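The primary structure of each chain is shown beneath.
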2 protein chains.
Amino acid sequence: MITNQDYLYSLRKCYLFEGIGDEQLSDAIKLLNGRIRKVEKDEFIVKLGGSLQNAGLLLKGRIESSFQNESFDQITMHTFSGGYLFGEALVINGAKNSPVQVRAVEDCIVLFIDLERIYTVTDDSPIRSVLVNNLIKSLAKKNLILNQKVRILSQKSLRDRILIYLKTLPKDKDGYVKIPFTQTALAEHLGVNRSALSRELGRMQDEGILISDSKRMKLN
Amino acid sequence: MITNQDYLYSLRKCYLFEGIGDEQLSDAIKLLNGRIRKVEKDEFIVKLGGSLQNAGLLLKGRIESSFQNESFDQITMHTFSGGYLFGEALVINGAKNSPVQVRAVEDCIVLFIDLERIYTVTDDSPIRSVLVNNLIKSLAKKNLILNQKVRILSQKSLRDRILIYLKTLPKDKDGYVKIPFTQTALAEHLGVNRSALSRELGRMQDEGILISDSKRMKLN
DNA sequence: ATAAATTTGTTGCTGTGGCAACAGCTTTTT
DNA sequence: AAAAAGCTGTTGCCACAGCAACAAATTTAT
C-alpha cells in the first residue's frame, strides 16, 4: 500500500498545496478524491486526440508532454518531474481532442485528482479557498511557461533558440547551466533538427561564445 | 459619462460573467472595482518588459498582444475584440517583466478590474463563486489558445502553418473562411516573412488546393 | 563482460524561405 | 480631390538548417 507519506516531499513541492499544513494535507487529498496509480515507463497517460478524465499530480518519475508536427517530427512541450500538476487545462476545458500526448519517460507514481471539486462545489471550507487560490495561480503560471515556448519557437535562427533556452536555465556560481536532456531530447524541445543542433553548438564553441562539457554549458 | 449599459453587449460576451444575470452585472463590476478607460489607437497598455497592475476587459475596439524575436520581427500572439479579458496571467503572476506588449489597434474602451478580489477575499458571496469558476475556465481556455500558437509555430514548412491556421477558422456554408487580417498581419501571426507568405499563397492557388479572393479563402 | 541500443559528431547535398527592392493597388488622411 | 501611407505581388539571390548516412562514443541491458 502506497501512502501519501511516502511522497510528502513531492506533494510539498506542488504549488497546489502551498499554504496547506502537513496535517491538513490528507484532508486536502481526500477532498480531491486523490487516487495513486503507478504508470510504467513509456505508457501514455493521454494519447494524441484522446481525452483525460482527471488531472494528475506527479509524485515520482518523469513525464513529458509532446506532439508531432505535420512532418512527423516530435516536438516536446514540457518535461517535468516530482510535484508537477498536469492535465488541468485539458480537464477544465473538457477537451475531447487533446492537442498533446502525455507520456511517462520513466516509471512514475501519479496522484490523480478530481480538480472540479475545487471550483464547482460551493461550501466554504477554508482548505478549498486555499486550493482555489493555488489553482488559479498554477494556471496563470503555466500560461507563462507556454509563453516561453512560443518565444523560443518564434526565433528565426537556431542559434537564437539555443541562446534563449540557455538564458532560462538557472546558473550555478561559475555561470554554468546544467542541461537536463540528451542533445537529441534538447533538439525536440527546441523544435529543431538534431544534427543541425549539434553542428550549431559546435560552431558556437569554435566562435568562443559557448563552453560546453557534456551536460554543462556556459555562455560568454 | 460612460455607463456599463453602453457596453452590455461586450460584457455579456465575456466569459468571466457567464451565469451572472443582467441585474447582477453591476454588482459584479462593483465587486471587481471596475474602471472604464479610453485607450487611443496605437497606445501601449503594456510595454515589453513592463508590468500591468490590473487585468482589462475590452469593451470596444481591437487589441493585439505581440512581441519581437531576436531578429526584431514582430510576432503577434493574439488579436482580440469586444468581450475579451486580457492580462490576467500577467497580473496573477505579478509579472514584472512582461514577455509581451499589448497595444490598441484601434481606439478602444477598456474596463480595468481588480482580479485579485475574485480569489483573495474570502467571503461566500454567491457572485464571487461564479466569478472564481469563470476565471478558472478562462485561464484554462487561454492555455489551449497558447497551445494552438505553439502548434502553428512548430511547423517546419510555411504551408503547414497556413493550413493549420486555416483549419482553426470557422467555415461558412460554402466552405470559405474569412481572414480577419491583412496579409501583412497574417504573416506576423504565423511568424513568417510577409513576401514568402504571399509567394506561398500564390503557389497554393496555382496548385489548385486553395481558392482565395481577398479576405476569403477556401481549401480543397 | 558482452552485446545491444542510443547518442553524438560530421559532412555533402539541397530546398525553403528570408531579404531587399520595386511597381502597382488600395486605403486612409487631410 | 490630392497626397500620403500602407498593402500586395513579384523576383533574384543566397544562407540556414533539414536530411541522410555513417562511424565513433557512450549508455543501457543481459
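This text goes with the structure placed above it.
The text that follows walks through the structure, step by step, so that each part is easy to find.

Thresholds, definitions, all that
Residues numbered from 1 in each chain as written. Chains lettered and ligands numbered in written order. Predicted model: local features only at pLDDT ≥ 70, side-chain atom pairs only at ≥ 80, totals over all residues. Heavy atoms only, no water. Axes fitted to C-alpha atoms, helices over the stretch in contact; angles between N-to-C directions. Helix = DSSP H or I, 4+ residues; strand = E, 2+ residues; numbered from the N terminus. Parallel < 35°, antiparallel > 145°, perpendicular 65-115°, else oblique. Contact = heavy atoms within 4.5 Å. Nonpolar A, V, L, I, M, F, W, Y, C, P; charged D, E, K, R; others polar. Near = heavy atom within 4 Å. Polar contact = N/O pair within 3.5 Å; in protein donor to acceptor, adjacent residues only side chain to side chain. Buried area = accessible area lost by both parts, 1.4 Å probe. Salt bridge = Lys/Arg side-chain N within 4 Å of Asp/Glu carboxyl O. Phe/Tyr/Trp six-rings, centres within 6.5 Å; stacked < 30°, edge-to-face > 60°. Buried < 20%, exposed > 50% of the residue type's maximum accessible area, 1.4 Å probe, protein only. Lys NZ or Arg CZ within 6 Å of the ring centre and 35° of its normal. Least-squares fit on C-alpha atoms with pLDDT ≥ 70 in both. Expected span 1.5 Å × (residues − 1). Arc of directions from axis to C-beta.

1. Re the packing of helix H2 (residues 22-31) of chain B against helix H5 (residues 126-153) of chain B
All names here are of chain B.
For step 1, the next point in the chain: For the pair H2 and H5, interaxial distance at closest approach is 10 Å and the crossing angle is 75 degrees. Classified by the interaxial angle, the pair formed by H2 and H5 is roughly perpendicular. Where H2 approaches H5, its residues Gln24, Asp27, Ala28 and Leu31 are matched on the opposing element by Ile127, Arg128 and Leu131.
For step 2, the next point in the chain: Of the residues in the contact of H2 with H5, the class split is 4 nonpolar, 1 polar and 2 charged.

2. Re the protein's contact with DNA strand C
For step 1, the next point in the chain: What surrounds DNA strand C is a group of 17 residues, the closest being A:Gln183, A:Thr184, B:Ser157, B:Leu158 and B:Arg199.
For step 2, the next point in the chain: When the atoms of DNA strand C within 4 Å of the protein are grouped by moiety, sugar and phosphate amount to 57% of the total.
For step 3, the next point in the chain: For DNA strand C, a phosphate oxygen lies 2.4 Å from a polar atom in the backbone of B:Leu158.
For step 4, the next point in the chain: The backbone of B:Asn193 places a nitrogen or oxygen atom 3.0 Å from a phosphate oxygen of DNA strand C.
For step 5, the next point in the chain: Here the surface near DNA strand C is composed, by residue class, of 3 nonpolar, 8 polar and 6 charged.

3. Some words on the interface of chain B and chain A
For step 1, the next point in the chain: Contact residues are listed per partner, giving 39 residues for chain B and 39 residues for chain A.
For step 2, the next point in the chain: Of the roughly 3,700 Å² buried where chain B meets chain A, counting both sides, 65% is carbon and sulfur surface.
For step 3, the next point in the chain: For the interface between chain B and chain A, the tally reads 2 salt bridges.
For step 4, the next point in the chain: Between B:Asp73 and A:Lys156 there is a salt bridge, with the nearest N and O atoms lying 2.2 Å from each other.
For step 5, the next point in the chain: At the surface where chain B touches chain A, the tally comes to 10 residue pairs in polar contact (both at pLDDT 80 or more).
For step 6, the next point in the chain: Among the secondary structure elements, those contributing two or more residues to the side of chain B that touches chain A are strand S5 (74-80), helix H3 (88-93), H5 and helix H6 (158-168) of chain B.
For step 7, the next point in the chain: In terms of residue count, the dominant contributor to the side of chain B that touches chain A is H5(B) (18 residues).
For step 8, the next point in the chain: For the side of chain B that touches chain A, the class distribution of residues is 18 nonpolar, 11 polar and 10 charged.

4. Here we look at the protein's contact with DNA strand D
For step 1, the next point in the chain: Residues in close proximity to DNA strand D total 18 residues, the closest being A:Ser157, A:Leu158, A:Arg199, B:Gln183 and B:Thr184.
For step 2, the next point in the chain: At a separation of 3.0 Å, a phosphate oxygen of DNA strand D approaches a polar backbone atom of A:Asn193.
For step 3, the next point in the chain: With respect to DNA strand D, the side chain of B:Arg199 contributes an N or O atom lying 3.0 Å from a base oxygen.
For step 4, the next point in the chain: Breaking the surface near DNA strand D down by element, the ones donating at least two residues are helix H8 (194-206) of chain A together with helix H7 (183-190) and helix H8 (194-206) of chain B.

5. Examining the packing of aromatic side chains
For any two aromatic rings, the description comes down to two numbers: the centre-to-centre distance and the angle of the planes.
For step 1, the next point in the chain: Per the stated rule, a full pass over the model turns up 4 aromatic pairs over all chains.
For step 2, the next point in the chain: Measuring from centroid to centroid gives 4.2 Å for B:Phe80 and B:Tyr84, while their planes differ by 25 degrees, and the two rings are stacked.
For step 3, the next point in the chain: Judged by relative accessible area, B:Tyr84 falls into the buried class, the value being 17%.
For step 4, the next point in the chain: Through pairs of rings, three or more aromatic residues link up here, namely A:Phe80, A:Tyr84 and A:Phe86.
For step 5, the next point in the chain: Over the ring of B:Tyr15 we find B:Lys141, and its NZ or CZ is 4.0 Å from the ring centre.
For step 6, the next point in the chain: Just above the ring of B:Tyr176 sits the side chain of B:Arg216; from NZ or CZ to the centre is 3.8 Å.

6. Looking at the relation of the copies chain B and chain A
For step 1, the next point in the chain: In the superposition of chain B on chain A (RMSD 0.0 Å, axial shift 0.0 Å), the rotation amounts to 180 degrees. With respect to symmetry, the two chain copies, as superposed, fit the operation of a two-fold axis.

7. Points about H8(A)
An α-helix turns once every 3.6 residues. As a result, residues three or four positions apart point the same way.
Residue and element names in this part refer to chain A.
For step 1, the next point in the chain: Between the first and last C-alpha of H8 there are 19 Å, a value that for 13 residues agrees with the 18 Å anticipated at 1.5 Å per step.
For step 2, the next point in the chain: When H8 is considered as a whole, its buried residues turn out to be Ala196, Leu197, Glu200, Leu201 and Met204. Viewed along the axis of H8, the buried residues span an arc of 135 degrees, placing them on a single side of the element. Exposed residues lying more than 90 degrees from the buried face of H8 are Arg199 and Asp206.
For step 3, the next point in the chain: In the core, the buried residues of H8 are packed alongside helix H6 (158-168), helix H7 (183-190), strand S10 (210-213) and strand S11 (216-219).

Fair warning: the whole summary comes from geometry, so function is off the table for now.
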